[in-house]
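Below, each chain spelled out in residue letters.
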Amino acid sequence: MAADSDPESEVFEITDFTTASEWERFVSRIEEVLNDWKLIGNSAGQLPVEKGEYNRCSWGEKAQEINFADFKFLITHYFLIQEQETNDEKDKHEEDAFPLAMQDLLCMNNDFPPRAHCLVRWYGVREFVVITPGTNCEAIISESKCNLLHSSISISLANSGCQVPVFVQIQQKWRKMYAGECQGPGVRTDFEMVHLRKVPSQYNHLSGLLDIFKSKIGCNLSPQPPVNIAIRFTYILQDWQQHSWPQQPPDFDTLLGSEVGGVEFGKLPFGACEEPISELHLATTWPHLTEGIVVDNEVYSDLDPVQAPHWSVRVRTAENPQCLLGDLLTEFLKLGGRKETTEEVLGRRMVEDDGKENNDISSALSKLTEPTATVPISKLSVSNMVHSARKHIRRHRRNDESPLNTEVLNSVLLYLFPDAAVEKSSDNSKNKAAKTNSCGKVDQDKNSDYNLFLQLKSAPSDSLTFRLALCVCLVNYNHGGLRAVAHLWQEFVLELRYRWENNYLIYGLTGGSPDLRCCLLHQKLQMLNCCIERRRARDEARKLQDDNKERERKVSGGGPNSSQRPESATLTATAAGSTKEVSPGKSWDSWSDSEEEFFECLSDQGEAEAQHNDGEKNGSKNKAEGRLHPFNSMTLLNSSEPLYVPVTQEPAPMTEDLLEEQSEVLAKLGTSAEGTHLRARMQSACLLSDMESFKAANPGCVLEDFVRWYSPRDYVEEEVADEKGDMVVKGSLSPRMKIPGNMWVEAWDTARVIPVRRQRRLFDDTKEAEKVLHYLALQKPADLTRHLLPCIIHAAILKLKEEELVEDIPSVKKSIQQAISQACKLLHPYNQDSKKLEDFINQLISMEIAITRARSLKAKFAVNDAEKGEDREELEKFVGSLLEEPEVVVIGAGQGPAGSIIHRLFVNAQRAALLSPLDEDLGSDRKSTGGSNKVPDFPSPAGREILLRTCVPRPAPYSKPLPQRLFCVLMKEEFRLAGAFSLDTSFF
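These figures come from a predicted structure and were not determined experimentally. (Residues numbered from 1 in each chain as written. Predicted model: local features only at pLDDT ≥ 70, side-chain atom pairs only at ≥ 80, totals over all residues. Heavy atoms only, no water.)

A. Main features of the overall build of the protein. Each helix and strand in the protein was counted, giving 33 helices and 17 strands. Of all 988 residues assigned to the protein, the portion counted as buried reaches 48%. Taking the contacts inside the protein whose residues are at least 6 apart along the sequence as the reference set, 75% of them involve residues at least 24 apart. Accessible area of the protein: about 49500 Å², with a carbon and sulfur share of 50%. (Helix = DSSP H or I, 4+ residues; strand = E, 2+ residues; numbered from the N terminus. Buried < 20%, exposed > 50% of the residue type's maximum accessible area, 1.4 Å probe, protein only. Contact = heavy atoms within 4.5 Å. Areas by Shrake-Rupley, 256 points an atom, 1.4 Å probe, with all protein chains shown as cover.)

As structure tokens, then:
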């Protein structure tokens with residue numbers, strides 16, 4: 001058995017030398033990737049690039065991972081997405097043409113591109129492949145590994161026939177060292193690079209670089225072909241001197257000055273707190289020179305930047321400069337993450353007085369029935385109201401304990417409630433508030449920015465809610481943060497309660513029902529204002545009615561002891577007493593807060609009808625009451641009396657949270673018969689009130705009469721033949737009205753004959769007002785932030801639009817429109833994502849920075865001071881291009897309007913920097929444009945780039961003339977030579 005197993009063991013020891021090694025697999029993988037990307041074959045058919053095409057067109061790239069054993073590499077294909085298509089005919093006829101990369105080496109249309117891969121700048125190629133070590137892999141430093149990689153790409157190019165140059169990154173990544181190769185039919189280009197820390201003295205000028213270039217190409221022809229030279233010097237301006245940044249941070253201390261007042265609280269700060277433009281880079285270029293035309297050596301240079309034929313400028317901006325508007329929004333957004341209540345923030349002692357009045361609705365309702373000391377009506381002016389409100393909450397508080405400075409608080413409240421500025425009578429102030437609430441609406445509607453609140457669901461820009469948002473934001477940022485916001489909110493709620501209790505309309509709110517298109521807080525304030533309006537109208541109607549009764553008694557000779565109905569006597573006594581004095585805690589009609597009393601009609605027609613009916617109370621019980629006007633010449637079905645439209649109660653106004661709550665209650669009743677019936681009864685309160693008003697206005701009416709007015713579609717008319725055969729029109733209720741148990745029929749049978757003025761109120765303004773005040777008192781500072789966030793975003797967008805309108809920046813204008821669309825989605829009250837909101841705030845900050853940069857550049861280039869029309873237009877276009885483009889050409893170079901200003905900027909900076917003990921060092925500056933005894937106009941160039949190109953035969957004189965290129969970079973701490981040297985592989 002052992003002998004039989006020996007041959008088998010010998011088989012396992014056989015080695016297959018045909019198996020591919022890891023290196024061969026790596027080379028094969030490179031070939032596969034080049035083939036997949038269709039980079040195989042002749043690439044010379046493409047058209048030459050046009051001037052500036054590297055800047056205008058975009059660059060594409062695609063990448064893939066490959067492995068050398070367990071070492072990962074990333075192979076990336078970079079290519080220019082050209083505007084023109086390839087020339088197929090040229091591809092057919094010139095099969096032996098140079099590869100496209102070799103043609104690009106000599107192209108002069110796109111030297112020094114401002115925004116491209118470094119290899120594009122150094123070699124001018126439009127398409128290339130780069131192999132770099134993986135993200136977490138070490139750099140290729142050893143010479144043997146570098147040679148192995150270079151050999152790999154050389155073999156891959158030869159096997160695949162790819163004419164696109166391939167580079168490998170070697171040495172440390174920060175050095176940007178590359179070695180590469182490009183192969184064509186009978187030609188090859190080697191891409192080599194030298195990188196040093198310091199510039200060798202013999203190569204610190206053009207003549208030394210020409211020597212090294214000529215020695216490298218080794219051309220023995222006589223005379224030698226000319227070397228084409230392109231030179232660019234870059235100068236950096238960092239010290240702006242007198243051309244300082246125009247934006248000055250606002251002095252918030254002036255808010256306390258009497259000459260400014262609270263109006264400043266309506267202005268959001270804007271701009272950066274530091275210079276947004278950090279550097280200006282001037283590139284002076286000599287694009288087409290030849291050897292012998294220009295001299296640049298150790299002792300002398302013809303390269304004067306003022307005389308350079310081509311100037312281009314780029315600006316370097318400060319990274320994330322501190323912005324006033326951005327900081328304001330960021331701090332406000334942080335406030336939304338706080339969990340403290342107002343009581344926790346301010347402490348129990350500071351809210352104890354207010355807490356006694358705002359514990360819950362029941363305590364507020366009971367307070368209305370308590371006897372209170374009377375106050376003369378002359379003392380109820382708006383200014384006294386504000387003063388007493390402030391005094392009330394600060395009764396046990398020292399000034400030094402207040403989170404918000406008293407003067408600042410007064411300024412804020414004066415801005416929020418400007419109707420409290422001047423001493424007025426109560427009636428005048430009420431009327432002014434009502435008038436102010438409606439004024440300006442027509443003018444504002446003409447402005448599209450005014451309607452922006454509809455998209456953002458915030459509030460009108462002239463409303464109290466909008467002004468409150470601005471004040472809360474500014475107080476949070478400048479005057480104490482969270483505690484100051486809690487203090488301001490507490491004072492604001494107290495002000496609202498005082499206005500409710502004393503029937504003063506809230507300034508800055510439109511009348512009518514809450515606008516559901518606005519934010520919830522605005523709806524709540526509108527609801528409170530609506531309650532005040534309803535109670536004021538009821539009080540005025542009752543007072544007018546009592547005055548009429550009093551006049552009638554005097555005319556009829558009756559006295560105070562005349563026989564009257566009990567409720568009228570009580571009412572008369574109340575009204576008579578109210579003309580002399582009134583309790584500050586109750587309204588004129590405090591008796592009507594009870595559920596046993598009736599509703600007083602609010603309309604003018606209702607008041608006139610009420611007066612008319614009161615004069616005829618001794619008439620028939622079937623006397624019509626509460627008529628408004630006849631309805632389309634119709635008559636009642638059972639009589640010839642006209643059908644009158646009754647005076648009805650207005651539907652109860654509701655905010656969106658109440659509507660949602662009501663919907664949930666109705667939905668919970670289910671779909672059972674009992675639930676459906678109960679739901680219908682809950683929804684028929686307004687219908688029942690209208691039926692009672694209709695019966696009072698149309699004695700002897702039937703349900704069909706009501707339906708003809710209320711729901712005409714449910715009254716069907718058709719022509720039928722009568723007994724005599726004549727066609728007559730007869731009507732009847734619709735089928736749905738005839739269904740057994742119909743709610744309309746049940747409500748009609750239940751409805752009594754009661755005019756609207758004696759009906760129970762559908763809308764209890766006292767209860768709803770107390771609910772609103774209770775809701776507001778319970779809001780935490782964070783809740784307030786979420787309520788006001790749409791208004792703050794609204795204000796920020798308006799501010800950006802206002803500032804952009806001055807500077808006229810198209811990109812910012814487009815970004816603002818995009819921000820509005822995005823804000824509409826982000827500001828949904830039930831879907832506010834804090835992370836997305838932060839990103840959105842950052843977008844607004846970027847717009848603010850862009851506007852500030854434009855303002856800074858316009859100030860530096862004196863755009864607004866330019867007198868000549870052409871020069872100003874050119875400067876405006878130049879500044880606008882600086883913000884949008886990576887590099888801008890200066891028209892006229894140093895002699896143009898922009899060039900002259902740039903020259904003056906450098907001269908001012910040089911004089912400020914060199915008028916010092918360093919004057920003796922000026923003589924050593926060989927680049928100076930003036931003599932050694934005066935300050936040079938420009939500093940030493942921060943960077944020098946010299947591009948040398950020629951076309952000579954290599955390696956032998958009888959070889960094909962091939963392109964040779966050397967790109968030189970000379971900086972203070974960097975010296976780089978990037979050479980592309982071609983040679984003939986057929987005739988060498």
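B. Geometry of the pattern of salt bridges. The full count for this structure, using the stated rule, is 37 salt bridges. Here lysine 334 makes a salt bridge to glutamate 331, at a shortest N to O gap of 3.6 Å. One end of the pair, lysine 334, and the other, glutamate 331, are both in helix α9 (residues 324-335), 3 residues apart, so they sit about a helical turn from each other. A relative accessible area of 53% places lysine 334 in the exposed class. When the shortest N-O distance is used, the salt bridge between lysine 858 and glutamate 807 registers 3.4 Å. (Salt bridge = Lys/Arg side-chain N within 4 Å of Asp/Glu carboxyl O.)

C. Local environment of unusual backbone geometry. Omega for the peptide link from arginine 954 to proline 955 comes to 0°, which places this bond in the cis form. For proline 955, the location among the structural elements is in the loop between β15 (943-953) and β16 (961-971). Phi at phenylalanine 112 takes a positive value of approximately 55°, unusual for a residue other than glycine. Considering the arrangement of structural elements, one finds phenylalanine 112 in the loop between α5 (100-106) and α6 (118-123). For glutamine 171, which is not glycine, the phi dihedral falls at a positive 60°. Inspection of the secondary structure assignment puts glutamine 171 in the loop between β4 (166-170) and β5 (177-184). Assessed through its relative accessible area of 19%, glutamine 171 is described here as buried.

D. Spatial organisation of the nonpolar core. Ranked by internal contacts, the top residues of the largest apolar core, which has 87 residues, are Leu416, Phe492, Leu496, Ile793 and Leu844. For this core, the leading source of residues is helix α29 (residues 781-807), giving 11 residues. In this structure phenylalanine 492 touches Leu416, Phe417, Leu464, Leu468 and Leu525, once residues within four positions along its chain are discounted. Residues Trp37, Ile66, Cys118 and Cys146 belong to the second largest nonpolar core, which totals 53 residues. (Core = buried A, V, L, I, M, F, W, Y, C linked by side-chain atoms within 4.5 Å.)

E. Spotlight on the pairing of strand β10 (residues 627-635). The pairing of β10 with strand β11 (residues 642-646) spans 4 bridges and is antiparallel. From the neighbouring strand, threonine 635 faces β11, where its bridge partner is proline 642. Linkage of β10 to β11, two consecutive antiparallel strands, is achieved through a turn of 6 residues. (Pairing = 2+ DSSP bridges.)

F. Expanded view of the packing of aromatic side chains. Counted under the stated rule, the structure contains 27 aromatic pairs. On the numbers, 6.1 Å between centres and 55° between planes, the contact of phenylalanine 706 with tryptophan 744 is tilted. Of this pair, phenylalanine 706 sits in helix α26 (residues 703-710) while tryptophan 744 sits in helix α27 (residues 743-750), and the two are 38 residues apart along the sequence. The class of tryptophan 744 is buried, set by a relative accessible area of 15%. Taken together, a centroid distance of 5.8 Å and an interplanar angle of 40° make the contact between phenylalanine 706 and tryptophan 748 tilted. With phenylalanine 706 in helix α26 and tryptophan 748 in helix α27, this pair connects stretches of sequence that are 42 residues apart. Among the residues examined, phenylalanine 706 registers a relative accessible area of 0% and is labelled buried. (Phe/Tyr/Trp six-rings, centres within 6.5 Å; stacked < 30°, edge-to-face > 60°.)

G. How the structure looks around the packing of helix α2 (residues 22-36) against helix α7 (residues 143-160). It is the contact of α2 with α7, at a shortest axis distance of 9 Å, that shows an interaxial angle of 50°. What the angle tells us is that α2 and α7 run oblique. Every pair of crossing elements has a handedness; the one defined by α2 and α7 is right-handed. Along the contact surface, α2 presents Trp23, Phe26, Val27, Ile30, Glu31 and Leu34, while α7 presents Leu148, Leu149, Ser152, Ile155, Ser156, Asn159 and Ser160. Considered class by class, the residues forming the contact of α2 with α7 number 8 nonpolar, 4 polar and 1 charged. (Axes fitted to C-alpha atoms, helices over the stretch in contact; angles between N-to-C directions. Parallel < 35°, antiparallel > 145°, perpendicular 65-115°, else oblique. Left-handed = near helix turned anticlockwise from the far one by under 90°. Nonpolar A, V, L, I, M, F, W, Y, C, P; charged D, E, K, R; others polar.)

H. Expanded view of helix α33 (residues 897-914). Between its terminal C-alpha atoms α33 stretches 26 Å, which fits the 26 Å expected from 18 residues at 1.5 Å a residue. Ala898, Gly899, Ile901, Ile902, His903, Leu905, Phe906, Val907, Ala909, Gln910 and Leu914 are the residues of α33 that are buried. (Expected span 1.5 Å × (residues − 1).)

I. Quick peek at a nonpolar patch on the surface. A cluster of nonpolar side chains, contributed by Val295, Val299 and Tyr300, occupies part of the molecular surface with about 310 Å² of accessible area. When its relative accessible area of 34% is taken as the criterion, valine 295 is described as partly exposed. (Patch = residues over 30% accessible without salt bridge, like charges linked within 9 Å, V, L, I, M, F, W, Y side chains within 5 Å.)

J. Highlighting the packing of α9 against helix α31 (residues 834-860). Relative orientation of the contacting elements α9 and α31 amounts to 165°, with a least axis distance of 9 Å. Classified by the angle between their axes, α9 and α31 sit roughly antiparallel to one another. The handedness of the crossing between α9 and α31 is right-handed. Contacts from Leu324, Leu325, Gly326, Leu329, Thr330 and Leu333 of α9 reach α31 at Leu837, Glu838, Ile841, Leu844, Ile845 and Glu848.

K. Region of interest: the environment of aspartate 714. Take aspartate 714: it is sitting in the loop between α26 and β12 (715-721). Since its relative accessible area comes to 6%, aspartate 714 is described here as buried. Here the alpha-carbon distance between aspartate 714 and leucine 733, two residues 19 residues apart in the chain, equals 5.8 Å. For aspartate 714, the contacting residues outside a window of four places in its chain are Val707, Ser732, Leu733, Ser734, Arg736 and Met737. In terms of polar contacts, aspartate 714 uses its side chain to reach the side chain of serine 711, at 2.7 Å. For aspartate 714, the side chain forms a polar contact with the side chain of arginine 736, separated by 2.6 Å. (Polar contact = N/O pair within 3.5 Å; in protein donor to acceptor, adjacent residues only side chain to side chain.)

L. Region of the structure containing the side chain of threonine 465. Mapped onto the elements of the fold, threonine 465 is located in helix α18 (residues 464-478). Here the side chain of threonine 465 touches histidine 522 through a polar contact of 2.6 Å, side chain to side chain. Discounting chain neighbours no more than four positions away, the residues touching threonine 465 are Ala459, Leu509, Cys519, Leu521, His522, Leu525, Leu788 and Cys791.

M. How the structure looks around the environment of tryptophan 23. For tryptophan 23, the location among the structural elements is in helix α2. Sequence separation between tryptophan 23 and leucine 148 is 125 residues, and the spatial gap between their C-alpha atoms is 8.8 Å. Apart from residues no more than four positions distant in its own chain, tryptophan 23 is found in contact with Phe68, Leu148, Ser152 and Ile155.

N. Focus on the pairing of strand β7 (residues 228-237). Across the 10 residues of β7, 9 count as buried, placing the element largely inside the fold. With 9 bridges connecting them, β7 and strand β8 (residues 277-290) associate as antiparallel partners. Of the residues in β8, the one forming a bridge with threonine 234 is alanine 283. Sheet topology places β7 next to β15; 7 bridges connect them, and they run antiparallel. Of the residues in β15, the one forming a bridge with isoleucine 229 is leucine 948.

O. Layout of α18. If you check α18, its first and last C-alpha atoms are 21 Å apart, about what 15 residues at 1.5 Å a residue would give, namely 21 Å. With 13 of 15 residues buried, α18 is to be regarded as a mostly interior element. Following α18 by one or two positions, glycine 480 adopts a phi angle in the positive range, close to 130°.

P. Broad picture of the environment of lysine 695. Relative to the helices and strands, lysine 695 resides in helix α25 (residues 685-697). Considered as a pair, lysine 695 and arginine 752 are 57 residues apart in the sequence and their alpha carbons are 7.5 Å apart. Apart from residues lying up to four places away in sequence, lysine 695 is in contact with Cys701, Trp748, Ala751, Arg752 and Val753.

These values are about where atoms sit, not about what they do.
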